[in-house]
Protein chains: 2
Amino acid sequence: MVVKVYGPVYASPKRVIACLIEKQVEFETVEVDIIKGEHKHPEFLKLQPFGELPVIQDGDYTLYESRAIIRYYAEKYKSQGTELLGSTMEEKGLVEQWLEVEAHNFHPPLYELVIQIVFSSKLGFPLDPKVVQASEEKLGKVLDIYEERLSRSKYLAGDFFSLADLSHLPFAQYLVEGYPLGKLGKEYMIRDRKHVSAWWDNISSRPSWKKVLQL
Amino acid sequence: MVVKVYGPVYASPKRVIACLIEKQVEFETVEVDIIKGEHKHPEFLKLQPFGELPVIQDGDYTLYESRAIIRYYAEKYKSQGTELLGSTMEEKGLVEQWLEVEAHNFHPPLYELVIQIVFSSKLGFPLDPKVVQASEEKLGKVLDIYEERLSRSKYLAGDFFSLADLSHLPFAQYLVEGYPLGKLGKEYMIRDRKHVSAWWDNISSRPSWKKVLQL
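Residues numbered from 1 in each chain as written. Chains lettered and ligands numbered in written order. Predicted model: local features only at pLDDT ≥ 70, side-chain atom pairs only at ≥ 80, totals over all residues. Heavy atoms only, no water.

**Quick look at the environment of Ile117 of chain A**
Residue and element names in this part refer to chain A.
Move 1: The topology assignment puts Ile117 in helix H4 (residues 89-123).
Move 2: Once the C-alpha coordinates of Ile117 and Gly59 are considered, the two residues, 58 residues apart in sequence, prove to be 38 Å apart.
Move 3: The residues contacting Ile117, other than those within four sequence positions of it, are Leu127, Val132, Lys183, Leu184 and Lys186. (Helix = DSSP H or I, 4+ residues; strand = E, 2+ residues; numbered from the N terminus. Contact = heavy atoms within 4.5 Å.)

Structural data, given as structure tokens:
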């Protein structure tokens with residue numbers, strides 16, 4: 001059964017696609033145009049009532065929320081492709097911890113920067129320099145803690161690549177190289193931190209992520 | 001080994017405590033006073049570098065982020081106490097989905113209401129009626145989707161109680177009965193929705209949650 005992934009152009013669905021490639025799971029993509037409001041169409045709301053991306057369909061099983069979907073596939077195909085959950089219960093706990101840190105500490109200020117810098121003109125509202133500055137400061141403090149953590153282990157949850165690292169790829173990409181849609185021009189936030197910089201080079205050079213960017 | 005839970009007075013640590021009671025895991029609590037700034041003390045930052053609650057210590061294993069901790073214990077003690085992850089991979093996927101919905105759709109507007117209505121005077125800033133109104137509207141729309149979902153299944157992830165339901169308890173409590181620290185006075189948001197109301201009565205009358213409130 002080929003997994004259908006909705007909304008491949010956007011960042012959060014790329015989290016799912018990177019995971020499916022790591023797990024060697026076949027997939028196809030279904031375009032959803034947010035600018036045209038397709039994520040609020042009744043047909044789409046039947047799949048995802050909150051009108052958000054991504055959603056997957058796997059036979060008659062439908063699942064949404066990118067970080068739920070990657071957990072599902074990492075566990076369903078545990079012994080296939082890259083092991084993404086650690087090898088002990090305690091390692092898995094740390095993977096969960098850093099997945100939550102990504103969602104609650106790393107993502108919100110970075111998402112705000114993306115909305116302000118990349119999407120404000122496209123969405124028709126003025127960029128707010130105060131919000132940009134506050135978000136940049138907040139993200140900087142988070143990355144200082146990452147720097148300390150990554151001085152002690154190669155990856156966030158330990159010395160193994162996991163969902164916790166993978167989950168950072170789509171939005172961190174905006175900081176560094178960006179996408180055709182735009183980039184933040186804040187590469188210094190990664191580059192000024194030696195261990196964060198090495199970690200980013202390491203995880204973003206994985207074949208799975210390169211393939212995501214080529215799609 | 002008795003699990004140490006930091007910060008039992010606050011809402012997020014109650015998510016962990018409810019889970020430990022459901023899983024019949026022994027624990028003790030360690031007070032952390034946020035008003036006194038104890039969550040930013042160097043000793044605490046060694047356990048939780050972001051200065052947030054809760055943290056647990058289980059022997060020499062330290063873990064933070066409440067939703068990571070509850071996943072860890074639900075899996076570690078899978079065959080002990082209440083099964084909180086569903087019984088198939090697909091059920092577990094839906095538990096993960098609704099855990100993420102709780103974190104990303106339900107929690108942010110409700111947290112904003114709690115900060116504004118319960119904590120603004122304690123923290124020394126004025127309540128902003130515009131923020132209250134916007135958050136209430138946002139939460140209302142989320143609860144409309146819950147109402148539809150709960151008209152089709154007894155619990156969020158299906159016909160079984162899970163981490164997804166449990167995770168809602170600490171902040172939903174503010175809507176209805178509140179805590180000694182204060183309540184929102186927005187019980188109508190639950191009571192005006194028949195299925196949400198029945199769901200709340202069901203999950204909040206579990207012995208585990210009653211015990212949490214007595215602590």
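There is more to say after this.
**Observations concerning the packing of helix H3 (residues 66-76) of chain B against helix H4 (residues 89-123) of chain B**
Packed helix pairs are characterised by how far apart their axes lie and by the angle those axes make with each other.
All names here are of chain B.
Move 1: For the pair H3 and H4, interaxial distance at closest approach is 12 Å and the crossing angle is 160°. As judged from the angle between their axes, H3 and H4 are roughly antiparallel. The chirality of how H3 crosses H4 is right-handed. Two secondary-structure elements touch here, H3 through Arg67, Ile70, Arg71 and Glu75 and H4 through Lys92, Glu96, Leu99, Glu100, Glu102, Ala103 and His107.
Move 2: Residue composition of the contact of H3 with H4, by class: 3 nonpolar, 1 polar and 7 charged. (Axes fitted to C-alpha atoms, helices over the stretch in contact; angles between N-to-C directions. Parallel < 35°, antiparallel > 145°, perpendicular 65-115°, else oblique. Left-handed = near helix turned anticlockwise from the far one by under 90°. Nonpolar A, V, L, I, M, F, W, Y, C, P; charged D, E, K, R; others polar.)

**Here we look at helix H7 (residues 169-176) of chain B**
All names here are of chain B.
Move 1: For H7, the tally of buried residues reaches 8 of 8 residues, placing the bulk of the element in the interior.
Move 2: For H7, the complete set of buried residues consists of Leu169, Pro170, Phe171, Ala172, Gln173, Tyr174, Leu175 and Val176.
Move 3: Looking one or two places after H7, you find Gly178, whose phi comes out positive at around 75°. (Buried < 20%, exposed > 50% of the residue type's maximum accessible area, 1.4 Å probe, protein only.)

**Things to note about the pattern of salt bridges**
Move 1: Counted according to the given criterion, the structure contains 34 salt bridges over all chains.
Move 2: Between Glu96 of chain A and Arg71 of chain A there is a salt bridge whose closest N-O contact spans 2.7 Å. Placement of the pair is Glu96 of chain A in helix H4 and Arg71 of chain A in helix H3 (residues 66-76), with a sequence separation of 25 residues.
Move 3: Here Lys78 of chain A makes a salt bridge to Glu83 of chain A, at a shortest N to O gap of 2.9 Å.
Move 4: What makes Glu83 of chain A partly exposed here is its relative accessible area of 30%.
Move 5: In the salt-bridge network here, residues are joined through shared partners; they are Arg71, Glu96 and Glu100 of chain A together with Arg71, Glu96 and Glu100 of chain B. (Salt bridge = Lys/Arg side-chain N within 4 Å of Asp/Glu carboxyl O.)

**Some remarks on the UniProt feature "domain: GST C-terminal" (unreviewed entry) in chain A**
Move 1: What UniProt calls "domain: GST C-terminal" (unreviewed entry) maps, in this numbering, to residues 88-215 of chain A.
Move 2: Within residues 88-215 of chain A, the helical portion is 72% and the strand portion 0%, while the C-alpha atoms at the span's ends are 34 Å from each other. (UniProt positions renumbered as here; feature names shortened; annotations may be inferred.)

**Side note on the relation of the copies chain B and chain A**
Move 1: Overlay of chain B on chain A (RMSD 0.0 Å): rotation 180°, translation along the axis 0.0 Å. Such values leave the two copies arranged in the relation of a two-fold axis.
Move 2: A shared binding surface is used by both copies, with 100% of the interface residues of chain B retained as interface residues in chain A. (Least-squares fit on C-alpha atoms with pLDDT ≥ 70 in both.)

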